[in-house]
Structures are given as structure tokens and as C-alpha cells.
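Take a look at the letters that make up each chain.
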Amino acid sequence: MLKNMSCADIKSNQDRVRRYFDYDSSRFAENRWLGSDVAREDYNITMEYLLDFLDVQDTDEVLEIGCGPGLWTDLVSRRCHHITAIDISRDMLMQARKRVQPENVTFQQVNFDEYDDSRTYDKVFSVRVIEYFSDPLQTVRKMCELTKKGGKVVVVTKTSPTLITVRAKLWGFLRRFFLRKGESILEPSLPMAKILPFRLRRMFLKCGCAKVDVYPVVLRSPLFIHGRYSLPWLGDKLQHKYEMAMLRFFNFLSRHAITACAPVRYLLLVFSETYLVIGQK
Ligand SMILES: C[S@@+](CC[C@H](N)C(=O)[O-])C[C@H]1O[C@@H](n2cnc3c(N)ncnc32)[C@H](O)[C@@H]1O
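Since this is a predicted model, take the numbers as computed values, not measurements. (Residues numbered from 1 in each chain as written. Predicted model: local features only at pLDDT ≥ 70, side-chain atom pairs only at ≥ 80, totals over all residues. Heavy atoms only, no water.)

Asks: Tell me about the site of the ligand, residues and numbers included.
Replies: Looking at the ligand, there are 21 residues lining it, with Trp33, Gly66, Trp72, Asp87 and Val127 nearest. With respect to the ligand, the side chain of Trp33 contributes an N or O atom lying 2.9 Å from an oxygen atom. A distance of 2.7 Å separates a nitrogen atom of the ligand from a polar atom in the backbone of Gly66. Residue classes in the shell around the ligand are distributed as 15 nonpolar, four polar and two charged. (Near = heavy atom within 4 Å. Polar contact = N/O pair within 3.5 Å; in protein donor to acceptor, adjacent residues only side chain to side chain. Nonpolar A, V, L, I, M, F, W, Y, C, P; charged D, E, K, R; others polar.)

In C-alpha cells:
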């Protein structure tokens, strides 16, 4: 996203991101993680990957970037010594404070680009956040600098390229062309730059991580996304039946991808909605 961006452009992007998530805060958890069978499965699979790779210990000091409504903060806070959860959006933090009240959590409203901390952490993580940063290399560098030697950095982010976006773009094009209405359901309404998995992996290596691995997390059929039906002429009942069958199959794949060898994992990335990068310092 950084190409030819001035400081004013970056600031204005950050303002748009903050305003968007302030506005979306009361619905975000429901819409994204809890509101449909597909969304709940996305949440469960992401949770399994996150907890497995973070491997949180009860002595760990943890930093979470872009905690949003605090679903991951809640999970991690039950396992660690202390978690600092930051977010640029005041309203997202209000949601998070309602959800998470343990004494070992510190919330802070701050733009991570401006976050100033002299401590280092055992684990640093973010879920679905890095795609909103104008300079992801700088973000990864800062995450790595804030991680202790021997600690872990885990990033979960949207995949690109993937069959899901290819389908959505094709669908949007056909709709506009034939029906002259509607937009692709995946077109973002805020500045978002998905990062190629291999590019993100290189960034981790460049920023001082010794061992870096990439895993597809949420694997999905390009046809049914977040419980939105895509084949209206089939009727809701039949679509639901297909959606559930697809969901079961792709969930099975998602859960087994964690133990797959690297070439199979890389192949599965094109079916993934999100992927995870883990770096060991
Ligand atoms: C898609 S939401 C994900 C929220 C949460 N991690 C989750 O998975 O439920 C992205 C979050 O990142 C936050 N965010 C975006 N840019 C940020 C920045 N520069 N500094 C801190 N937080 C940021 C947003 O306010 C929002 O809460």
C-alpha cells in the first residue's frame, strides 16, 4: 500500500480505519466471528491455530495488536501472566472492556505505528489487522523488536491471491456486466492491502526471526462465504444443505492442514481465506 504515499495519505488512511472500526464495533464480533455457522467455524479454527502456535504459558507477557472486541484477548488472558491489548479504535476497546475484565489485562487506545513501549514480550500477535497498515514491513519490524529472544510473533491475515477473491471479483464483474448492479461482496470499503504469504514470510526473516512458517488457517470453498448464499436460483434450503456439506469438508481440511508438509500447505493456501505466519525470535 505504501507506494507513493505521503505522510498525510498514511494519516488519512489511519483515520479512515479508526472511523470505520468505531462505526463497526458493536456488530463486529457478531458479524465476523459469531453470527452464522460459517462465522463460528471460522472462529473455532482460528482459535485452534492461534492457541496452538502461540503456545501461551502462565508466565508469559503477551502483546496483542488490534484486539478489536477482545475475543482473542479473552482466550489468551486465561492462559498468560499478563496481556497488553491495543487498538486504534476507542469503540472497539469499549466492546473489548465489556467482554474481558480480568486483572491481568491492560487495554490501551493507540495507533500501533505510534506505540511506544520499552518492554519486550514473550508473545506478540495480531489477528486480521496487518492488512490495514500502510507499511507492513515496518509493522512486522516493530512486532519483532517488541518480542524477546526465544519469543514468538504470530500474525493471522487475509490471504491473497485466493480462489475466494477470484470468484468474488468474477461474480462482481458478471453482476455489473449483466445486471448493471451490485458490487463484489469482498470489495473492501476501507483501505486494506492483503499481503502475499511469501512476502510476509520474507518480512519476518528480514526482521530477525530465525525460523518462519506459513499455514493456511480458514479454508473455504469459493462458493459459500460467511453464510452468504451465492446461488440464489437453488433456493435457501438447498443452498444451506450444500453450504453445510462444503463447510464440513473444508473444516476437515483446515484441521488437517496444521500437520501437512510444507508443499501441501502452500497448495492449500489458494483455498484459504486467512493464513498464519509464525516467527521464532
Ligand atoms: C478486522 S478487526 C480485527 C479485530 C480482532 N483482532 C479480531 O480478530 O476480532 C481489525 C482491528 O485492528 C484495529 N487496527 C487497525 N489499524 C490499527 C492500528 N494502526 N493500530 C492499532 N489497531 C489497529 C482496528 O481498530 C480493528 O479493531
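Further notes follow.
Asks: Before we move on, can you summarise a positive patch on the surface with the specific residues and values?
Replies: Taken together, Arg141, Arg199, Arg202 and Lys206 make up a surface patch of like positive charges. By residue number, the principal contributor to the positive patch is helix H7 (residues 197–206), which donates three residues. (Patch = residues over 30% accessible without salt bridge, like charges linked within 9 Å, V, L, I, M, F, W, Y side chains within 5 Å. Areas by Shrake-Rupley, 256 points an atom, 1.4 Å probe, with all protein chains shown as cover. Salt bridge = Lys/Arg side-chain N within 4 Å of Asp/Glu carboxyl O. Lys, Arg positive; Asp, Glu negative; His and termini not counted. Charge placed at Lys NZ, Arg CZ, Asp CG, Glu CD. Helix = DSSP H or I, 4+ residues; strand = E, 2+ residues; numbered from the N terminus.)

Asks: Go over the packing of helix H1 (residues 7–34) against helix H4 (residues 90–99), please, and point to the residues and values.
Replies: At a closest axis distance of 7 Å, the pairing of H1 and H4 adopts a crossing angle of 50 degrees. In terms of orientation, H1 lies oblique with respect to H4. The segment H1 lies against H4, with Phe21, Asp22, Ser25, Ser26, Phe28, Ala29 and Leu34 engaging Arg90, Asp91, Met92, Gln95 and Arg99. Class assignment of the residues belonging to the contact of H1 with H4 gives a composition of five nonpolar, three polar and four charged. (Axes fitted to C-alpha atoms, helices over the stretch in contact; angles between N-to-C directions. Parallel < 35°, antiparallel > 145°, perpendicular 65-115°, else oblique. Contact = heavy atoms within 4.5 Å.)

Asks: Would you mind going over the sheet that holds strand S5 (residues 147–158) in detail, with residue names and values included?
Replies: Strand order in this open sheet of seven strands is S3-S2-S1-S4-S5-S7-S6, and the pairing throughout is mixed. In this open sheet, the two edge strands, each paired with only one partner strand, are strand S3 (105–109) and strand S6 (211–216). Neighbour to neighbour, the strand axes of the sheet diverge by 15 degrees on average, direction disregarded. In this structure, S5 lies alongside strand S7 (residues 274–280), joined through seven bridges in antiparallel fashion. Within S7, the position partnered with Val154 by the bridge is Ile278. Against the sheet, H4 makes contact with strand S2 (82–87) and S3, and its axis sits at roughly 165 degrees relative to S3, the strand it touches most. (Pairing = 2+ DSSP bridges.)

Asks: Talk me through unusual backbone geometry; I want residue IDs and the actual numbers.
Replies: Residues other than glycine seldom take positive phi values, yet Asp55 does so here, at roughly 50 degrees. Taking the relative accessible area as the measure of exposure, Asp55 reaches 38% and is therefore partly exposed. Even without being glycine, Arg128 reaches a positive phi, approximately 60 degrees. Tracing the backbone through its elements, the reader meets Arg128 in the loop between strand S4 (121–127) and helix H5 (136–145). (Buried < 20%, exposed > 50% of the residue type's maximum accessible area, 1.4 Å probe, protein only.)

Asks: Residues and numbers for helix H8 (residues 236–257), please.
Replies: Helix length check: H8 (22 residues) gives 30 Å between terminal C-alpha atoms against 32 Å at 1.5 Å per residue, within 8%. Taken together, the buried positions of H8 are Gln239, Glu243, Met244, Leu247, Phe250, Asn251, Ser254 and Ala257. For H8, the angular spread of the buried residues around the axis is 150 degrees, confining them to a single face. Among the exposed residues of H8, those pointing more than 90 degrees away from its buried face are Lys237, Lys241 and Arg248. On its buried side, H8 packs onto helix H2 (37–54), S6 and helix H9 (262–268). (Expected span 1.5 Å × (residues − 1). Arc of directions from axis to C-beta.)

Asks: Outline the pattern of salt bridges, listing residues and values.
Replies: For the coordinates displayed, the defined rule picks out 18 salt bridges. In this structure, Lys11 and Glu114 form a salt bridge, with 3.7 Å as the shortest nitrogen-oxygen distance. With a gap of 103 residues between them, Lys11 in helix H1 and Glu114 in the loop between S3 and S4 connect regions that are remote in the sequence. For Lys11, a relative accessible area of 43% translates into the label partly exposed. Two residues, Arg40 and Asp37, come together in a salt bridge whose shortest N-O distance is 2.9 Å. One end of the pair is Arg40 and the other is Asp37, both in helix H2 and three residues apart, which spans about a single turn. By relative accessible area, which is 33% here, Asp37 ends up partly exposed.

Asks: Lay out the side chain of Arg265 with the relevant residues and their values.
Replies: Positionally, Arg265 belongs in helix H9. Those residues in contact with Arg265 that lie beyond four places of it in its chain are Asp213, Val214, Tyr215, Pro216, Ala257 and Ala260.

Asks: How would you summarise the pairing of S5 if you had to cite specific residues and measurements?
Replies: Most of S5 is tucked away: nine of the twelve residues are buried. Direction of pairing for S4 relative to S5: parallel, over a ladder of six bridges. If you follow Val127 over to S5, its bridge partner there is Val156. Regarding the hand of the β-α-β motif, the stretch spanning S4, H5 and S5 is right-handed. (Right-handed = clockwise from strand over helix to strand, strands pointing away.)

Asks: Residues and numbers for the pairing of S2, please.
Replies: The side chains of a regular strand alternate between the sheet's two faces. Within S2, six of the six residues are buried, which leaves the element mostly enclosed by the surrounding structure. Covered by surrounding structure in S2 are His82, Thr84 and Ile86 together with Ile83, Ala85 and Asp87, the residues of both alternating faces. For strand S1 (residues 61–65) and S2, the ladder comprises five bridges, and the chain directions are parallel. Within S2, the residue paired with Glu64 across the bridge is Ala85. The β-α-β motif built from S1, the intervening helix H3 (residues 71–77) and the parallel element S2 has right-handed crossover chirality. As paired elements, S2 and S3 share five bridges and run parallel to each other. Bridging from a neighbouring strand, Asp87 pairs with Gln109 of S3. Remark: the S2/H4/S3 crossover connection has right-handed handedness.

Note that every value here comes from positions in space, so none of it alone points to a role or purpose.
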